[in-house]
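# Understanding the architecture of this molecule
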Amino acid sequence: MRDVIDQLEGWWKNGQEAALATVVGTFRSAPRQPGASMLVGPAGEAVGSVSGGCVEGAVYELGGEVLADGRPRLQRYGVSDDDAFSVGLTCGGILDIYVEKVSPETYEQLGKVADAIREESPVAVATVVAGPEERLGRRLIVWPDSVDGTTGSTRLDEAVRDDVRGLLAAGRNATLHYGVDGQRRGEGLDVFVESFAPPPRMIVFGAIDFAAAVAKMGNFLGYRVTVCDARPVFATASRFPGANEVVVEWPHRYLAAEAKAGRIDERTVITVLTHDPKFDVPVLEVALRLPKVGYIGAMGSRRTHDDRLERLREAGLTEEELSRMSSPIGLDLGARTPEETAVSIAAEMIAQRWGGGGVRLAEREGPIHLAVASA
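What you see is a predicted model, and the numbers here were worked out from it, not measured in a lab. (Residues numbered from 1 in each chain as written. Predicted model: local features only at pLDDT ≥ 70, side-chain atom pairs only at ≥ 80, totals over all residues. Heavy atoms only, no water.)

Residues Met202, Val204, Val214, Val225, Leu273, Ile345 and Met349 are the most contacted members of the largest nonpolar core, which totals 24 residues. Of all elements in the fold, only β11 (201–205), α5 (209–220), β12 (224–229) and α10 (338–354) reach the threshold of two or more residues within this core. The element best represented in this core is α5, accounting for five residues. Apart from the residues lying within four places of it in its own chain, the contact partners of methionine 349 are Met202, Tyr223, Val269 and Tyr295. Core analysis: the second largest hydrophobic core is formed by 23 residues, Val272, Ala287, Leu322 and Met325 among them. (Core = buried A, V, L, I, M, F, W, Y, C linked by side-chain atoms within 4.5 Å. Buried < 20%, exposed > 50% of the residue type's maximum accessible area, 1.4 Å probe, protein only. Helix = DSSP H or I, 4+ residues; strand = E, 2+ residues; numbered from the N terminus. Contact = heavy atoms within 4.5 Å.)

Take a look at the structure:
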């Protein structure tokens, strides 16, 4: 919903109705992930995408039906038949799409949700998408320290609140399954949780030309990018237009302070690009001992890597801790320029996040998108 929230809120503020279609479940090689959204506006406008074009026409028609009768729908779209123009996903995937009418009466907290998204404050929306008809569309809005709305059951509200805060902390979307009164081992009621956590962080240590390219790539991928270097003559905002902030500080001190302040989590990626042991070793010593980090990569030649490992072992790091470091950084793409190297690093980050092997898809069999574990 993040991509369509401004348009949706505009109609909502004017008292107009719109249909909101949201991907709530995916199977096999689905083209979009849970949370992808599409709107059908009050004048028939289509905004956003749920499948990259495969089933938008059918979802548009369904949105019109929901606007007409106000009844939410949960629709599954699977593989099309031999006619490539039939409604379905020619990629072989399956999408579950929930369509609901949004108006000030049906979604009174939308303004609060939109404000939180714009302010980059963590908030999650938990919506009943399957279950007894009278419970469909009921929702709980969950912040780290407060809750608004109800699913129609106090016990379910309490279970959803606790489960959603775990998903929100990780920035994950998921469909949770309960009994109709909140029994965690029960069946009969599904709640889709869409988490709007602040953007994940990328911290780039080393104010060099490669760092400028990596910062730009991180920004493109949706990270909030920090470039940090102890040398003020190099660590300037003008040299790193792709960064959200440039910090002049010794890398290990900065990282330790950020971790202590709770601003490092399992989505954070750390790239160490200085390949100078007086900077690299102390910051890697801190990074590799952090309990939760999404990715840690360090630039340097094979010789630099071997020297770095020796110094880190002397500092007391274990082999298990050292195994968390990607060094030399990046995938083997034959990269030469800073920009090509940034693509190589980004490719490794993506592969590590989603479990990809980094090989050519043309040389691999089976689904393009690997299965993602659900909550």
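Moving on from the model shown.
For threonine 304, the location among the structural elements is in helix α8 (residues 302–314). Overall, the relative accessible area of 26% leaves threonine 304 in the partly exposed class. Residues threonine 304 and asparagine 219, 85 residues apart in the sequence, show an inter-C-alpha distance of 28 Å.

Let us now look at the pattern of salt bridges. Tallied over the full model, the rule gives 23 salt bridges. In this structure, the salt-bridge partner of arginine 360 is glutamate 363, at a minimum N-O distance of 3.3 Å. When sorted by exposure, arginine 360 lands in the same class as glutamate 363, which is exposed. One network of salt bridges, in which partners are shared, links Asp6, Glu9, Lys13, Asp115 and Arg118. (Salt bridge = Lys/Arg side-chain N within 4 Å of Asp/Glu carboxyl O.)

Turning to unusual backbone geometry, a few remarks are in order. Put simply, serine 327 and proline 328 share a cis peptide bond, and its omega is -5°. Along the chain, proline 328 turns up in the loop between β16 (325–326) and α10. Positive phi is not limited to glycine here, since glutamate 120 has a value of about 60°. Checked against the element boundaries, glutamate 120 lands in the loop between α3 (110–118) and β6 (123–130). In the Ramachandran plot, histidine 275 falls in the positive-phi region, its phi being about 40° despite a non-glycine side chain. Inspection of the secondary structure puts histidine 275 in the loop between β14 (269–272) and α7 (277–287).

A word on the environment of valine 343. Here valine 343 lies in helix α10. Residue valine 343 is classed as partly exposed on the basis of its relative accessible area, which comes to 39%. In this structure, the C-alpha to C-alpha distance between valine 343 and serine 327, residues 16 residues apart in sequence, is 16 Å. Not counting residues within four places of it along the chain, the set of residues in contact with valine 343 comprises Met217 and Leu333.

Here the focus is the packing of α7 against α8. Two numbers describe how α7 lies on α8: the axes approach to 10 Å, and their chain directions differ by 50°. Judged by the angle between their axes, α7 and α8 are oblique. For α7 against α8, the interelement crossing comes out right-handed. The segment α7 lies against α8, with Pro277, Asp280, Val281, Leu284 and Glu285 engaging Arg308, Arg311 and Leu312. Classifying every residue of the contact of α7 with α8 gives four nonpolar, no polar and four charged. (Axes fitted to C-alpha atoms, helices over the stretch in contact; angles between N-to-C directions. Parallel < 35°, antiparallel > 145°, perpendicular 65-115°, else oblique. Left-handed = near helix turned anticlockwise from the far one by under 90°. Nonpolar A, V, L, I, M, F, W, Y, C, P; charged D, E, K, R; others polar.)

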